[in-house]
Amino acid sequence: MAQESVAVRAPMVKGALPVDDPNAAVWSNATPATFPMSPQVHWPNRIQEVTVKDLSVRALHDGTQVAVLLEYADPTEDPDDAAALEFMVGDKKAHFAHGQPMAQVEGGPVNIWYWKNKDNKGVDMNAKGFGTLKVQTHQDVKAKGAYANGTWKVVFSRPLATEHADEDTQITPGGFINIAFAVWDGKKDATSGDLREKGSQKAVSSWWYFRAEAPPDYSGYYYAAIAVAVAFGFQFVLIRKLKKGQPA
Ligand code: HEM
């Protein structure tokens, strides 16, 4: 398994972002980052054992939109299979458990991008502590999942910036923001028929970093080209003057 990472880096790409296609070739432009996932043992209802142990994450942006691809092993495809991304909103530090106020963290709103297999779409949500999870009135998030060979690939996409900075995380190319993940295996328990992983009972990560890479800066080349042109111009004038026998 690839070396554990700390940050998802989204290079900027030209052309269409693969927002609907987890298998698009352009995803090879993004270096996968791998994150450990662990059972949610922090808060009732806890769970001791979960299906998903680690998650591979790739991301791309085109200067306007961002797309994030999650890839993870799940032996069975179930209607209630689900995955989510979580971001802090604004500059208030928030705990990765829904922005729940904790002794060491004052608490702040979090923006959650949620996908569930049976609906196969993106749901834009907010929370500021347990019991406060709500679906936003303005939905900016899209999501699409594809299951094959025991592996889920789920693409989330959204504009980098939205008009609702009070509820939506804003992604500025060149800056680092926090990101966390949650995954639910919708497999039903063989005996009880109940969902084993639902609501708070899921695989979670803590905060890691996300960075949409800044667009390539060509200004250095422009200045170099201008300097060369000026030098050539100066030389041209000098040579002409010398040829005419005038003093330089
Ligand atoms: C230690 C970390 C976490 C704890 C203790 C926790 C706890 C909970 C609880 C108690 C619920 C039930 C609803 C509620 O009370 O608000 C819930 C639901 C949910 N959580 Fe978390 N959570 C954690 C981390 C995360 C993370 C990191 C994400 C997103 C990346 C997330 C996304 C969700 C979503 C989308 C639901 C609703 C699922 C559904 O409707 O089935 N949670 N969680």
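These figures come from a predicted structure and were not determined experimentally.

Participant: How should the overall build of the protein chain be read in this particular structure?
Facilitator: Helix and strand counts for the protein chain stand at 1 helix and 14 strands. Here the C-alpha atoms of the protein chain give a radius of gyration of 24 Å, more than 25% beyond the 18 Å that 2.2 N^0.38 yields for 248 residues. C-alpha atoms of the protein chain, sized along the principal axes, occupy 100 × 45 × 35 Å. Classification of the 248 residues of the protein chain by burial places 44% in the buried group. Contacts spanning at least 24 positions in sequence make up 64% of the contacts within the protein chain whose residues lie at least 6 apart. Looking at the protein chain as shown, the accessible area adds up to about 13,100 Å², and 58% of this sits on carbon and sulfur atoms. Averaging the locations of the 26 positively and 28 negatively charged side chains of the protein chain gives two centres separated by 10 Å.

Participant: It is not clear to me how the packing of aromatic side chains should be interpreted in this structure. Could you clarify?
Facilitator: By convention here, two paired aromatic rings are described through the distance between centres and the angle between planes. Taken as a whole and judged by the stated rule, the model has 9 aromatic pairs. A ring pair is formed by Phe35 and Trp208, whose centres lie 5.3 Å apart and whose planes are at 45°; its orientation type is tilted. Here Phe35 is found in strand β2 (residues 33-36), whereas its partner Trp208 is found in strand β14 (residues 208-212), with 173 residues between them in sequence. For the pair formed by Phe35 and Trp208, the shared burial category is buried.

Participant: Explain the domain arrangement of the protein chain to me, please; I cannot follow it from the model alone.
Facilitator: Interfaces are often described in size by the accessible area the parts lose on coming together. Segmenting the protein chain into domains produces domain 1 (7-216) and domain 2 (219-248). Distance between the C-alpha centres of domain 1 and domain 2: 56 Å.

Participant: Help me understand the pattern of salt bridges in this model?
Facilitator: Here the idea is simple: oppositely charged side chains can pair when their charged atoms come close. By the definition in use, this model includes 8 salt bridges. Put simply, Glu213 and Arg9 hold a salt bridge, and the shortest N to O gap is 3.4 Å. Pair noted here: Glu213 is in the loop between β14 and α1 (219-244) and Arg9 is in strand β1 (residues 7-10), with a separation of 204 residues, a long-range link. Arg9 gets classed as partly exposed once you look at its relative accessible area, which sits at 40%. Linking Arg196 and Glu197 is a salt bridge whose minimum nitrogen-to-oxygen distance equals 4.0 Å. According to the relative accessible area criterion, Glu197 is buried, its value standing at 2%. Because the salt bridges share partners, they merge into one network encompassing Asp80, Lys116, Lys118 and Lys188.

Participant: Explanation requested: the coordination of the iron atom of the ligand in the structure shown.
Facilitator: Under ideal tetrahedral coordination, the four donors around a metal are separated by 109.5 degrees; under ideal octahedral coordination, the six donors are separated by 90 or 180 degrees. The coordination sphere of the iron atom of the ligand, as far as protein atoms go, consists of His98 (NE2) and Lys202 (NZ), spread over 1.7 to 2.0 Å. Using a relative accessible area of 16% as the deciding quantity, one classes His98 as buried. Residue classification places Lys202 among the buried positions, given a relative accessible area of 8%.

Participant: Is there a simple way to think about the site of the ligand in this case?
Facilitator: Around the ligand lies a shell of 23 residues, among which His98, Gly131, Leu133, Ser200 and Lys202 are the nearest. In the environment of the ligand, an oxygen atom lies 3.0 Å from a nitrogen or oxygen atom belonging to the backbone of Gly131. Here a nitrogen atom of the ligand sits 2.6 Å away from a polar atom, N or O, in the side chain of Lys202. Of all the secondary-structure elements, those providing two or more residues to the shell around the ligand are β6 (82-88), β7 (110-116) and β12 (176-184). Among the elements that line the shell around the ligand, the one with the most residues is β12, at 4 residues. Partitioned by chemical class, the residues of the shell around the ligand number 15 nonpolar, 6 polar and 2 charged.

Participant: When you look at the pairing of strand β10 (residues 142-148) in this model, what are you seeing that I'm missing?
Facilitator: For a regular strand, the rule is simple: side chains alternate between the two faces of the sheet. In this sheet, strand β11 (residues 151-159) lies alongside β10 in antiparallel orientation, the contact comprising 7 bridges. For Gly145, the partnering residue across the bridge sits in β11 and is Val154. Counted along the chain from β10 to the antiparallel partner β11, the turn is 2 residues long, and its residue Asn149 has a positive phi close to 50°.

Participant: Can you help me understand the nonpolar core in this one?
Facilitator: A general tendency of soluble globular proteins is for nonpolar side chains to be buried together. Among the nonpolar cores identified, the biggest contains 35 residues, and Leu70, Tyr72, Leu85, Phe156, Phe181 and Phe210 are the most heavily contacted of them. Ignoring any residue separated from it by four or fewer positions in sequence, one finds Phe181 in contact with Val8, Phe35, Met37, Leu55, Val57, Leu70, Ala84, Leu85, Ala203, Val204, Ser205 and Trp208. Membership of the second largest hydrophobic core comes to 16 residues, among which are Ala82, Tyr114, Trp184 and Trp207.

Conventions we followed
The residue numbering used here restarts from 1 in each chain and proceeds along that chain's sequence as written. Where totals are concerned, whole chains, interfaces and linings use all residues; where local detail is concerned, this predicted model gives features only for residues with pLDDT of at least 70, and gives and counts side-chain atom pairs only at 80 or more. Just so you know, side-chain values use all the structure's heavy atoms and leave hydrogens and water out. Helix numbers and strand numbers start at the N terminus; a helix is a DSSP run of H or I with at least 4 residues, a strand a run of E with at least 2. For the radius of gyration, the atom set is restricted to C-alpha positions; the globular benchmark scales as 2.2 Å times the number of residues to the power 0.38. When a residue's accessible area, from a 1.4 Å probe over protein chains only, is under 20% of the maximum for its type it is buried; when over 50% it is exposed; and in between it is partly exposed. In what follows, a contact means two residues having at least one pair of non-hydrogen atoms within 4.5 Å. Residue exposure ignores everything except the shown protein chains as possible cover, and the areas themselves are Shrake-Rupley values with a 1.4 Å probe. When charges are tallied, Lys and Arg are placed among the positive residues and Asp and Glu among the negative ones, while His and the ends of the chain are skipped. To locate a charge, the coordinates of NZ of Lys, CZ of Arg, CG of Asp or CD of Glu are taken. The criterion for an aromatic pair is that two Phe, Tyr or Trp rings (for Trp, the six-membered ring) have centres within 6.5 Å, with stacked assigned to planes under 30 degrees apart, edge-to-face to planes over 60 apart and tilted to the rest. A domain assignment, automatic or from a database, supplies the domain bounds used here. Every case where a carboxyl oxygen of Asp or Glu lies within 4 Å of a side-chain nitrogen of Lys or Arg is listed as a salt bridge. A donor here means an N, O or S atom no more than 2.8 Å from the metal, or no more than 3.2 Å when the metal is Na, K or Ca. Since water is not included, a site may seem to lack partners. Any residue with at least one heavy atom within 4 Å of a molecule or strand is counted as near it. Polar contacts here mean pairs of N or O atoms no more than 3.5 Å apart (in protein, one a potential hydrogen donor and the other a potential acceptor; neighbouring residues in sequence count only if both atoms are side-chain atoms). We call Asp, Glu, Lys and Arg charged. Ala, Val, Leu, Ile, Met, Phe, Trp, Tyr, Cys and Pro are nonpolar, and the rest, Gly among them, are polar. At least two DSSP bridges between two strands are required for those strands to pair. As used here, the term nonpolar core means buried Ala, Val, Leu, Ile, Met, Phe, Trp, Tyr and Cys residues forming a set that is joined through side-chain atoms within 4.5 Å.

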